[in-house]
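Tertiary structure, described
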Amino acid sequence: MEPVTALAHPNIAFIKYWGNRDDELRLPSNGSLSMNLDGLFTRTTVSFQPSLPLDELIINGHEITGPALERVSFMLDLVRGAAKMNQRAEVISENNFPAGAGIASSASAFAALALAATRAAGLDWSERELSRLARRGSGSACRSIPGGFVEWQAGTSDEDSFAFSIAPADHWALADCIAIVSAAHKKTGSTEGHAIAETSPLQAARVADAPRRLDLCRAAILNRDFDSLASIVELDSDMMHAVMMTSSPALHYWQSASIAVMESVRSWRRDGTPACYTVDAGANVHVLCPENDAQEIASRLREIDGVKDVLTARVGGPAEIVENS
Ligand code: PMV
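Below is a short write-up of the structure.

What counts as what
- Residues numbered from 1 in each chain as written.
- Predicted model: local features only at pLDDT ≥ 70, side-chain atom pairs only at ≥ 80, totals over all residues.
- Heavy atoms only, no water.
- Core = buried A, V, L, I, M, F, W, Y, C linked by side-chain atoms within 4.5 Å.
- Buried < 20%, exposed > 50% of the residue type's maximum accessible area, 1.4 Å probe, protein only.
- Helix = DSSP H or I, 4+ residues; strand = E, 2+ residues; numbered from the N terminus.
- Contact = heavy atoms within 4.5 Å.
- Pairing = 2+ DSSP bridges.
- Axes fitted to C-alpha atoms, helices over the stretch in contact; angles between N-to-C directions.
- Salt bridge = Lys/Arg side-chain N within 4 Å of Asp/Glu carboxyl O.
- Expected span 1.5 Å × (residues − 1).
- Arc of directions from axis to C-beta.
- Near = heavy atom within 4 Å.
- Polar contact = N/O pair within 3.5 Å; in protein donor to acceptor, adjacent residues only side chain to side chain.
- Areas by Shrake-Rupley, 256 points an atom, 1.4 Å probe, with all protein chains shown as cover.
- Nonpolar A, V, L, I, M, F, W, Y, C, P; charged D, E, K, R; others polar.

This paragraph deals with the nonpolar core. Formed by 31 residues in total, the largest nonpolar core has its most connected members in Val-46, Phe-48, Leu-76, Val-79, Val-91 and Leu-113. Elements with a minimum of two residues in this core: strand 1 (4-8), strand 6 (42-49), helix 1 (67-83), strand 9 (88-95), helix 2 (106-120) and helix 3 (127-137). For this core, the element with the highest residue contribution is helix 2, accounting for nine residues. Contact partners of Val-91, with chain neighbours within four places excluded, come to Thr-44, Thr-45, Val-46, Glu-56, Leu-57, Ile-58, Val-72, Leu-76 and Leu-113. With 30 residues, the next largest nonpolar core counts Ile-12, Val-233, Ala-313 and Val-315 among its residues.

Rendered as structure tokens:
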């Protein structure tokens, strides 16, 4: 069968996904909302081959085995089941963003894999079906299938838990300036983190209030209202980290440089510069701002002690099929 190549962008959540109501199906405890990151991508080629005894995975030129390969094979099994075929596949994947830069590659990786693998197996799935499939690899990957500003409705079952675009990439010229404070691999990955979210006494309150935060964030995006976006995005990030810090075992992702960046961003905003922060399951700080201010924000971030580098991304489009390279 012909190899197929797909490309997908990572995304940064404005309203975070943390905790599952069903770990196996990756049905989230709450809905979430994100922006795709243009310029950063995973490009993945899948070819099903009758001669292969096992699935093979090559990431950035290195053959990968163990849990990462098992996670890929799990998704390929879902595709084989749907296509009623049993050939093993060769999966060749590349990220154009630095490994260990602390930007989650699982979202772009499983979105690109879902699209490339289904097409390579002869399936022509809708965006919704692809989003549901990507979700099974990594929850946030379902948000990297549609383009622009994307909402993942939590749903109650495999069928109704998927993501869709609420506005295209050109709706609002925002940028994400990612302050890299640590290139180290995170100690506790998100899959383990989701599984202990419920141990925090704060998680129930965070989940109960999520529809309100989603409404505020959605409205801020649709109205291009940066002030409203800034307050709800920072509140949501702080609430997720409060849950992380109070779960057992406790998860502390912030480092002193992360806190220094967050403090600076708050003071810039008090002085009238539109910028706000959000932090995922790591120490790096994503600073959102209007695209026109990105250069200025990036150079200010570089001056903060402990900031090693800054990557800047605009709003990205959907996962797509590309020419085989
Ligand atoms: O998709 P996962 O399992 O890597 O979880 C993502 C979790 C956060 O990045 C912290 C939040 C989010 O919504 O992206």
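Taking strand neighbours across the sheet as the criterion, the four strands line up as 13-14-12-15 in an open arrangement whose pairing is antiparallel. On the outer flanks of this sheet lie strand 13 (276-278) and strand 15 (309-314), each paired with one strand and no other. Along the sheet, successive strands turn relative to each other by an average axial angle of 25°, direction set aside. Relative to strand 14 (residues 285-290), strand 13 runs antiparallel, the two being bridged by three bridges. Within strand 14, the residue paired with Tyr-277 across the bridge is Val-287. Where helix 7 (residues 226-245) meets the sheet, it contacts strand 12 (174-180), strand 13 and strand 14, and its direction lies at approximately 30° from that of strand 13.

Bringing the pairing of strand 7 (residues 56-59) into the picture now. Pairing of strand 7 with strand 9 involves four bridges; the strand directions are parallel. Paired with Ile-59 across the bridge in strand 9 is Ser-93. Here strand 7 runs beside strand 8 (residues 62-64); their pairing, made up of three bridges, is antiparallel. Considered in strand 8, the bridge of Ile-59 is made with His-62. Connecting strand 7 to the antiparallel partner strand 8 that follows it, the hairpin turn spans two residues, and Asn-60 within it adopts a positive phi of roughly 45°.

The subject of this paragraph is the pattern of salt bridges. One pass over the structure, following the stated rule, counts 15 salt bridges. Measuring nitrogen to oxygen at the nearest pair gives 2.7 Å for the salt bridge that ties Asp-158 to Arg-135. Of the two residues, Asp-158 sits in the loop between strand 10 (149-153) and strand 11 (162-167) while Arg-135 sits in helix 3, which places them 23 residues apart along the sequence. The class for Asp-158 is buried, based on a relative accessible area of 18%. In this structure Arg-135 comes out as buried when scored by relative accessible area, which is 0%. Residue Asp-209 is joined to Arg-213 by a salt bridge in which the shortest nitrogen-to-oxygen separation is 2.9 Å. Arg-213 gets classed as buried once you look at its relative accessible area, which sits at 0%.

A separate point is helix 6 (residues 210-222). Taking 1.5 Å of rise per residue, 13 residues should cover 18 Å, and helix 6 covers 18 Å from first to last C-alpha, within 8% of that figure. For helix 6, the complete set of buried residues consists of Ala-210, Arg-213, Leu-214, Cys-217, Ala-220 and Ile-221. Along the axis of helix 6, the buried residues cluster in a sector spanning 130°; they form a single face. Contacts made by the buried residues of helix 6 are with strand 2 (11-15), strand 5 (32-36), strand 10, strand 11, helix 5 (203-208) and helix 7.

By nearness alone, 14 residues border the ligand, and Tyr-17, Ser-140, Arg-143, Ser-190 and His-194 come closest of all. At 3.4 Å, a backbone N or O of Gly-139 approaches an oxygen atom of the ligand. Separating an oxygen atom of the ligand from a side-chain N or O atom of Arg-143 is a distance of 2.8 Å. Burial of the ligand by the protein amounts to 95% of the accessible area it has alone, namely 380 Å². Considered class by class, the residues forming the shell around the ligand number five nonpolar, six polar and three charged.

Geometric values such as these leave the question of function open.
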